[in-house]
Amino acid sequence: MTYLVTPAINNFRVLDTWNYVSAPQLQPGIVTVTQDSTAVTYNPETPTAQYGQPISITVNVTTTNGVIPTGQVKFAISDSSDELTPPSGTPASANLSNGTATWSPCSQAPPGCLLPAVGSYQIVAEYEGDTNDATANGNGTLEIQKADTSTVITNGSTQPASLCPISVTVGNLNAYIVTVRPAVAQVYIGPENPTGNVSLTDVPPSGVPNTFGPLSLTGDAHNLSEATAPFQEGLTPEGGHTLTAAYLGTAPENEGDANYNASNSSECVVNVNGVPIG
């Protein structure tokens, strides 16, 4: 911003020995007031989110003179594929509040927001400036991490499947359903099922464990983030047994799959009863 300034001549005491006529004459001048420079930083430095979970990106905008800026920050993710396209009506910008702006892609999902895959994404936050503060860009990295999982054992021989504890007859085949799902309910549409293998371990009264499997998970067509594997086992001998299931994921790493972390179930008590007489 430019201002035209006509300075006034100060009051001088004219001395006998000072030649007023030859004194310097003050001329009109121009004073230019420039916008203050700004900087954009991420908080935290590397935003992270688990697969299928909400994404939140926060930036701080600061000025050289310490005055809190106002205005908007525009956000962009360098991978402009459909995976990260916000749904219609979701602006890729956020207003500053006390120098801070937070943007949540797909904040209106579901419906209409597709899932970002596990990996790293380059993000740019552009502060648009205001009357007194200049524009600035901040580059960062968004990390989408594998989702934690929950592994559960249920009794598949009942309708509907019942939770533990389970009572069975010694030697009779019983269905034990192992289900793997995200530990936290996912908000994006289109997540993939957990894939890979699960195992089932039985600890009988003797304390010597026996492991069944591994079996491959089958995706649930009605719940796209859930997968199951059925075990048909006849437990012996009579007495209290403890079952645990392990989501192994894909071999050979057995650390889950590309989108989900491995997990173990809690203990499931199975009471193995003797064959009824008569």
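See the structure printed just above.
Below, the discussion takes up the sheet that holds strand β8 (residues 100-103). Spatially, β3-β5-β8 is the arrangement adopted by the 3 strands of the open sheet, whose pairing is antiparallel. With one partner strand each, in any of the chains shown, β3 (38-42) and β8 form the two edges of the open sheet. Adjacent strand axes in the sheet meet at a mean angle of 25 degrees when their direction is disregarded. Alignment of β3 against strand β5 (residues 57-63), held across 5 bridges, turns out to be antiparallel.

Before going further, it helps to spend a moment on the packing of aromatic side chains. To describe a pair of aromatic rings, you give the distance between the ring centres and the angle between the ring planes. Across all of its chains, the model carries 2 aromatic pairs by this definition. Residues Tyr-51 and Tyr-260 carry aromatic rings whose centres are separated by 5.5 Å and whose planes lie at 85 degrees to one another, so their mutual orientation is edge-to-face. Placement of the pair is Tyr-51 in the loop between β4 (48-50) and β5 and Tyr-260 in the loop between β18 (239-249) and β19 (263-264), with a sequence separation of 209 residues. On the basis of relative accessible area, Tyr-260 is assigned to the buried category, the value being 0%.

With that settled, the discussion passes to the sheet that holds strand β10 (residues 136-145). Within the open sheet, the 5 strands sit side by side as β4-β10-β9-β6-β7. Their pairing is mixed. Among the strands making up the open sheet, the edge pair consists of β4 and β7 (93-95). Taken over all neighbouring pairs, the strand axes of this sheet differ in orientation by 25 degrees on average, direction set aside. As paired strands, strand β9 (residues 119-127) and β10 are joined by 9 bridges and run antiparallel to one another.

Turning next to the state of the cysteines. Counted according to the given criterion, the structure contains 1 disulfide. A disulfide bridge connects Cys-164 with Cys-268, and the sulfur atoms are separated by 1.9 Å. The S-S bond linking Cys-164 to Cys-268 shows a torsion near -100 degrees; that makes this disulfide left-handed. Taken as a pair, Cys-164 in the loop between β11 (149-155) and β12 (166-169) and Cys-268 in strand β20 (residues 268-273) lie far apart in primary sequence, 104 residues in all. Of the residues examined, Cys-164 reaches a relative accessible area of 29% and is grouped as partly exposed. For Cys-268, a relative accessible area of 1% gives the class buried.

Turning our eyes to something else, we now look at the side chain of Thr-58. When you line up the elements, Thr-58 lands in strand β5. You can call Thr-58 buried: its relative accessible area is 15%. Among the polar contacts made by the side chain of Thr-58, one reaches the side chain of Thr-102 at a distance of 2.9 Å.

The next subject is the pairing of β12. Residues Ile-166 and Val-168 point to one face of β12 and are all buried, whereas Ser-167 and Thr-169, pointing to the other face, are not buried. Two strands pair when backbone bridges link them, and β12 and β20 are joined in this way by 4 bridges, in the parallel orientation. Its bridge partner being in β20, Ile-166 is matched across the sheet by Val-270.

Note on soluble globular proteins: their nonpolar side chains tend to be buried together. Residues Tyr-176, Val-198, Leu-200, Phe-231, Leu-243 and Val-270 are the most contacted members of the largest nonpolar core, which totals 24 residues. Of all the secondary-structure elements, those providing two or more residues to this core are β12, β13 (174-182), β14 (197-203), β17 (223-233), β18 and β20. When sequence neighbours within four positions are dropped, the list of residues in contact with Phe-231 reads Asn-174, Ala-175, Tyr-176, Val-178, Val-198, Ser-199, Leu-200, Phe-212, Gly-213 and Leu-215. Listed in part, the 21 residues of the second largest apolar core include Ile-57, Val-59, Ala-101 and Ala-136.

Applying the stated criterion across every chain, the model contains 2 salt bridges. In this structure, Lys-74 engages Glu-128 in a salt bridge whose closest nitrogen and oxygen atoms are separated by 3.5 Å. Residue Lys-74 is located in strand β6 (residues 72-77), and its partner Glu-128 is located in the loop between β9 and β10; the two are separated by 54 residues in the primary sequence. By relative accessible area, Glu-128 is classed as partly exposed at 32%.

Topologically, Gly-240 is positioned in strand β18. Under the relative-accessibility criterion, Gly-240 is labelled partly exposed at 44%. Taking the C-alpha atoms as reference points, Gly-240 and Asn-273, separated by 33 residues in sequence, lie 8.7 Å from one another. Look past the residues within four positions of Gly-240 in its chain and what remains in contact with it is Val-203, Pro-204, Pro-205 and Val-270.

Okay, unusual backbone geometry next. Residue Pro-44 is bonded to the preceding Asn-43 through a cis peptide linkage, with omega at 5 degrees. Here Pro-44 is to be found in the loop between β3 and β4. The peptide bond linking Cys-164 to Pro-165 adopts the cis configuration, its omega dihedral lying at 5 degrees. For Pro-165, the location among the structural elements is in the loop between β11 and β12. Unlike most non-glycine residues, Asn-254 shows phi in positive territory, near 55 degrees. Relative to the helices and strands, Asn-254 resides in the loop between β18 and β19.

Reading the values: rules and limits
Residues numbered from 1 in each chain as written. Predicted model: local features only at pLDDT ≥ 70, side-chain atom pairs only at ≥ 80, totals over all residues. Heavy atoms only, no water. Pairing = 2+ DSSP bridges. Helix = DSSP H or I, 4+ residues; strand = E, 2+ residues; numbered from the N terminus. Axes fitted to C-alpha atoms, helices over the stretch in contact; angles between N-to-C directions. Phe/Tyr/Trp six-rings, centres within 6.5 Å; stacked < 30°, edge-to-face > 60°. Buried < 20%, exposed > 50% of the residue type's maximum accessible area, 1.4 Å probe, protein only. Disulfide = S-S within 2.5 Å. Polar contact = N/O pair within 3.5 Å; in protein donor to acceptor, adjacent residues only side chain to side chain. Core = buried A, V, L, I, M, F, W, Y, C linked by side-chain atoms within 4.5 Å. Contact = heavy atoms within 4.5 Å. Salt bridge = Lys/Arg side-chain N within 4 Å of Asp/Glu carboxyl O.

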